[in-house]
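# Structural features, examined
If you want the building blocks of each chain, they are given just below.
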Amino acid sequence: KGLSSLVLAAAGAQYAAVQAETEDVVPAEPVLQEIPAEPIVVYQYEVCPFCNKLRAFLDYHNIPYKVVEVNPLTKAEIKGMKKNDGKLKVPIVGLEGREKVASEQIVDSDNIIDEFQRLLGGDSKKSWFGGGKSKAEEEDVARWRTWVNERFVHILTVNIYRSVEESFETFDYISDQGNFGFFAREAARYGGAGIMYVVSKNIKKKRDLPGEERAHLYEAAKLWMDGMNGMDFHGGKKPDLADLSVYGVIRAVEGFQSFKDMLANTNIGPWYFRVKEAIGTSARTNPVV
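Below is a summary of the structure that appears in this document. (Residues numbered from 1 in each chain as written. Predicted model: local features only at pLDDT ≥ 70, side-chain atom pairs only at ≥ 80, totals over all residues. Heavy atoms only, no water.)

The next point concerns helix α10 (residues 269–279). Of all the positions in α10, only G269, W271, Y272, V275 and I279 are classed as buried. Projected down its long axis, α10 carries its buried residues within an arc of 165°, all on one side. Among the exposed residues of α10, those pointing more than 90 degrees away from its buried face are P270 and E277. Looking at the buried residues of α10, the elements they touch are α2 (49–60), α7 (213–227), α8 (241–251) and α9 (257–265). A positive backbone phi angle near 80° is found at G280, which sits one or two residues after α10. (Buried < 20%, exposed > 50% of the residue type's maximum accessible area, 1.4 Å probe, protein only. Helix = DSSP H or I, 4+ residues; strand = E, 2+ residues; numbered from the N terminus. Arc of directions from axis to C-beta. Contact = heavy atoms within 4.5 Å.)

Moving on to the packing of aromatic side chains. Applying the stated criterion across every chain, the model contains eight aromatic pairs. Look at W144 and W224: their rings are 4.9 Å apart centre to centre, the planes differ by 90°, and that puts the pair in the edge-to-face class. Taken as a pair, W144 in helix α4 (residues 135–160) and W224 in helix α7 lie far apart in primary sequence, 80 residues in all. Given a relative accessible area of 1%, W224 falls into the buried group. Relative to W271, the ring of W224 lies with its centre 5.4 Å away and its plane at 70°, an arrangement referred to as edge-to-face. One end of the pair, W224, is in helix α7; the other, W271, is in helix α10, with 47 residues separating them in the sequence. Here the aromatic cluster, defined as three or more aromatic residues joined through ring pairs, consists of W144, W147, F152, W224, Y247, F259, W271, Y272 and F273. (Phe/Tyr/Trp six-rings, centres within 6.5 Å; stacked < 30°, edge-to-face > 60°.)

This is a description of form; function is not addressed.
Next comes the structure, spelled out in structure tokens:
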């Protein structure tokens, strides 16, 4: 019973990471009045697409952050923290020294990004809002953000869990993270991988993704590339929020077989690596342990 409970918790944590922001979220009241002087604290799962999307934004704007890797079995690191849509979900952002104060935590990756973007405004040399975008262009960015959350993330999910072998590949990340004991790590790897393989089949049905998973992945990559109309970035000469959103969720699976197959079978690779170069070095302040 103990092992099965841990395994189910691991699978639930991963599934929650995928499902976290597909529901309508009521915009929260602003928490920040200015960009914090100290690094913010990002509670995350390494393979969570929404966490990677947030970190891509923070890296691009050079906003320092410290990562706390959440144990997917116990979620001990975020117990008692602010809930998102009634559930404990990552990412959660806290302020250094006050990260456990619920009223000063920010949840939901898009809400977090929007809060920082509000503060960056037109003063950021990398800003896209307030930087000459028309209303139609801003609406187009918003449509792509919605597509990432409601469609693309699920396509990535059914691909990285499409086989038992690829499910194990996805859960191997746990071996490289610092706050997992041997038992918890092995329970998540062996049990969680199998359960997520089954869960991914349910996602296929729920999200209307019939047939071969890779075909949906390649179609999504083509749709995104066609939407850029031959430009280097969706934002033109530099990445905009649409670029960072798509790039961020793909970064969660970089190195996986699904990522390699997507590069080999679509033309998304040059764009992906242009965005990676534009983002530059990580703004993370604490090392991976």
